[in-house]
Amino acid sequence: MSLWKDYLHPQTVQEAVEALASAPAPAIPIAGGTDLMLDLQQGHHAPVHTLVDLAGIAEMRALEIRGEKLFIGAGVPHNRIVESLLVQEHAQSLVEACGLIGGPQVRNSATLGGNVAHALPAADGMIGLLALEAEAEVASPATRRRVPLLELFLGPGKSALKADEILVGFYLPLSQPHQASAFCRIMRAQGIALPILNLAAWLERAGEKIIAARISVGPAGPTPFRARQTEAYLAGKTFSAETLAGAQETLLAEAKFRTSPARATAEYRRELAVVLLKNALTTAWERAK
Ligand SMILES: Cc1cc2nc3c(=O)[nH]c(=O)nc-3n(C[C@H](O)[C@H](O)[C@H](O)COP(=O)(O)OP(=O)(O)OC[C@H]3O[C@@H](n4cnc5c(N)ncnc54)[C@H](O)[C@@H]3O)c2cc1C
């Protein structure tokens, strides 16, 4: 039995969103297909009539500096992100996150846009991106807009994108001197697809002081989580064992870890969160020298 009836190959973003708006419904985008095909095959996704394949859209595969930002097209696969000198220079946490996703075959076809659009709270690429204060470019038939990443999510697996909208790409601030980031995760040894816990940290330092920090954690709530209270705690403090301990305490107070039967208990996640926070902050601190 076929999993879809029509399969369209738009060549531009405009063609893609118009196809989503006008093709027989349900019509949904497909990028690498590594999430979507499994979901369709295993009955975790409602049946679709039309698949709109985004792979032929050159604009969505761009990876370049645009003005003061690094642009990464939503259709860029993880392996290109890992190999890109630009991403290595400006977005270390994203390189580390994408480098851990699946195996080489998955990373060759799975895209950053698909990782974000799937809207899971612990998607690795998403968490790596979130600490970098990226914005997403969203296209609909009538317009394009830029939105902060967190506005894309309504709940686990529920994106705020409308049926005729797609992610075109992501705009990241360029890294300045004494700014750096890092990503860590813990995965079950035999695990695939999602980690027990992941965490990304970005910071700016001046001498021994933390000027500003950004922390993202997954899963720590129904949507990808920014640890704003921990970030506020770290800002302006001297980097020290005492500061790290205070940050760990703050993170545990604000994050909501839950037990998931296939992966880990909430208690175990709390144990891991403090270790990942310390490791990611320490790595980012050293890199920002
Ligand atoms: C063996 C295996 C291992 C994996 N390991 C990991 C892992 O370690 N970490 C991890 O985070 N993930 C993992 N994944 C999940 C998956 O590979 C990633 O989430 C991947 O980035 C999804 O991208 P895709 O291009 O394949 O998306 P697709 O499967 O094509 O699409 C996923 C969803 O996003 C929508 N979509 C795709 N692109 C767009 C767009 N531009 N605009 C709007 N909507 C869009 C689709 O409609 C669909 O709902 C794994 C998957 C497999 C099969």
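Since this is a predicted model, take the numbers as computed values, not measurements.

This paragraph deals with the overall build of the protein chain. Helix and strand content of the protein chain: 11 helices and 14 strands. At 19 Å, the protein chain has a C-alpha radius of gyration in line with the 19 Å of a compact globule built from 289 residues. Its C-alpha atoms give the protein chain principal-axis dimensions of about 60 × 45 × 30 Å. Counting every position in the protein chain, which comprises 289 residues, the buried fraction comes to 45%.

What follows concerns the pairing of strand E2 (residues 27-30). A two-sided burial pattern is seen for E2, the buried positions comprising Ala27 and Pro29 on one face and Ile28 and Ile30 on the other. In terms of strand pairing, E2 meets strand E3 (residues 50-53) through four bridges, oriented parallel. Within E3, the position partnered with Ala27 by the bridge is Thr50. In this view, the connection linking E2 to its parallel neighbour E3 by way of helix H2 (residues 36-41) has right-handed handedness.

Following Ala25, the chain continues into Pro26 via a peptide bond in cis, with omega recorded as -5°. Looking at the secondary structure, you find Pro26 in the loop between helix H1 (13-22) and E2. A cis amide bond links Gly218 to the next residue, Pro219, at an omega of -10°. Note that Pro219 resides in the loop between strand E13 (209-218) and strand E14 (225-226). With a phi angle near 55°, Glu133 is a residue other than glycine that sits in the positive phi range. Looking at the element boundaries, Glu133 is found in the loop between helix H8 (124-130) and strand E6 (135-139). We classify Glu133 as partly exposed; it has 15 C-beta atoms within 10 Å.

Looking now at the nonpolar core. Leu199, Ala201, Ala273 and Ala280 are the most contacted members of the largest nonpolar core, which totals 85 residues. The element contributing the most residues to this core is helix H11 (residues 266-287), with seven residues.

The next point concerns the site of the ligand. The full set close to the ligand counts 32 residues, and Ala31, Gly32, Gly102, Gly114 and Asn115 are the nearest of them. Listed by contribution, the elements that provide at least two residues to the shell around the ligand are E2, H2, helix H7 (112-117), H8 and strand E10 (166-173). Sorting elements by how many residues they give to the shell around the ligand places H7 first, with four residues.

This brings us to the environment of Ala160. Tracing the chain through its elements places Ala160 in the loop between strand E9 (158-159) and E10. Sequence-wise, Ala160 and Ala117 are 43 residues apart; in three dimensions their C-alpha atoms are separated by 8.9 Å. Beyond its immediate sequence surroundings of up to four residues, Ala160 is in contact with Glu151, Leu152, Phe153 and Leu154.

A few words now on H11. Compared with the 32 Å implied by 1.5 Å per residue over 22 residues, the 31 Å span of H11 between its first and last C-alpha is a close match. Residues of H11 that are buried include every one of Arg269, Leu272, Ala273, Leu276, Leu277, Ala280, Leu281 and Ala284, and no others.

Looking at where Ala62 falls in the secondary structure, it is placed in the loop between E3 and strand E4 (63-66). In the structure, Ala62 is positioned 224 residues away from Glu286 in sequence and 31 Å away in space, judged by C-alpha atoms.

What follows is about the sheet that holds E10. With respect to topology, five strands assemble into an open sheet ordered E4-E5-E10-E6-E7, the strand pairing being antiparallel. Only two strands of the sheet have a single partner each, and these edge strands are E4 and strand E7 (144-148). Geometrically, the sheet is characterised by an average inter-axis angle of 30° between neighbouring strands, direction not taken into account. In the sheet, strand E5 (residues 69-73) pairs with E10 via five bridges, with the strands oriented antiparallel. Among the inter-strand pairings, Lys69 is bridged to a residue of E10, identified as Pro173. On top of the sheet, H1 reaches E6 and E10; it is set at about 135° to E10, its chief contact.

Split into domains, the protein chain comes out as domain 1 (6-53), domain 2 (58-173) and domain 3 (182-287). Using C-alpha coordinates to define each centre, domain 2 is positioned 21 Å away from domain 3. Contacts between the two partners involve 22 residues from domain 2 and, on the opposite side, 22 residues from domain 3. Secondary-structure elements contributing two or more residues to the side of domain 2 that touches domain 3 are helix H5 (92-100), H8 and strand E8 (153-155). Residues belonging to the side of domain 2 that touches domain 3 are distributed by class as follows: 14 nonpolar, five polar and three charged.

If you walk across this open sheet you meet the three strands as E1-E3-E2, and the pairing is parallel. Edge positions in the open sheet fall to strand E1 (6-8) and E2, since each of these has one partner strand only. Neighbour-to-neighbour, the strand axes of this sheet turn through a mean angle of 25°, independent of strand direction. Relative to the sheet, H1 contacts E1, E2 and E3, its axis offset from that of E2 by approximately 150°.

Parameters at a glance
Residues numbered from 1 in each chain as written. Predicted model: local features only at pLDDT ≥ 70, side-chain atom pairs only at ≥ 80, totals over all residues. Helix = DSSP H or I, 4+ residues; strand = E, 2+ residues; numbered from the N terminus. Rg over C-alpha atoms; globule rule 2.2 N^0.38 Å. Buried ≥ 20, exposed ≤ 12 C-beta atoms within 10 Å, placed from the backbone. Pairing = 2+ DSSP bridges. Right-handed = clockwise from strand over helix to strand, strands pointing away. Core = buried A, V, L, I, M, F, W, Y, C linked by C-beta atoms within 7 Å. Near = placed C-beta within 6 Å. Contact = placed C-beta atoms within 7 Å. Expected span 1.5 Å × (residues − 1). Axes fitted to C-alpha atoms, helices over the stretch in contact; angles between N-to-C directions. Domains from an automatic or database assignment. Nonpolar A, V, L, I, M, F, W, Y, C, P; charged D, E, K, R; others polar.

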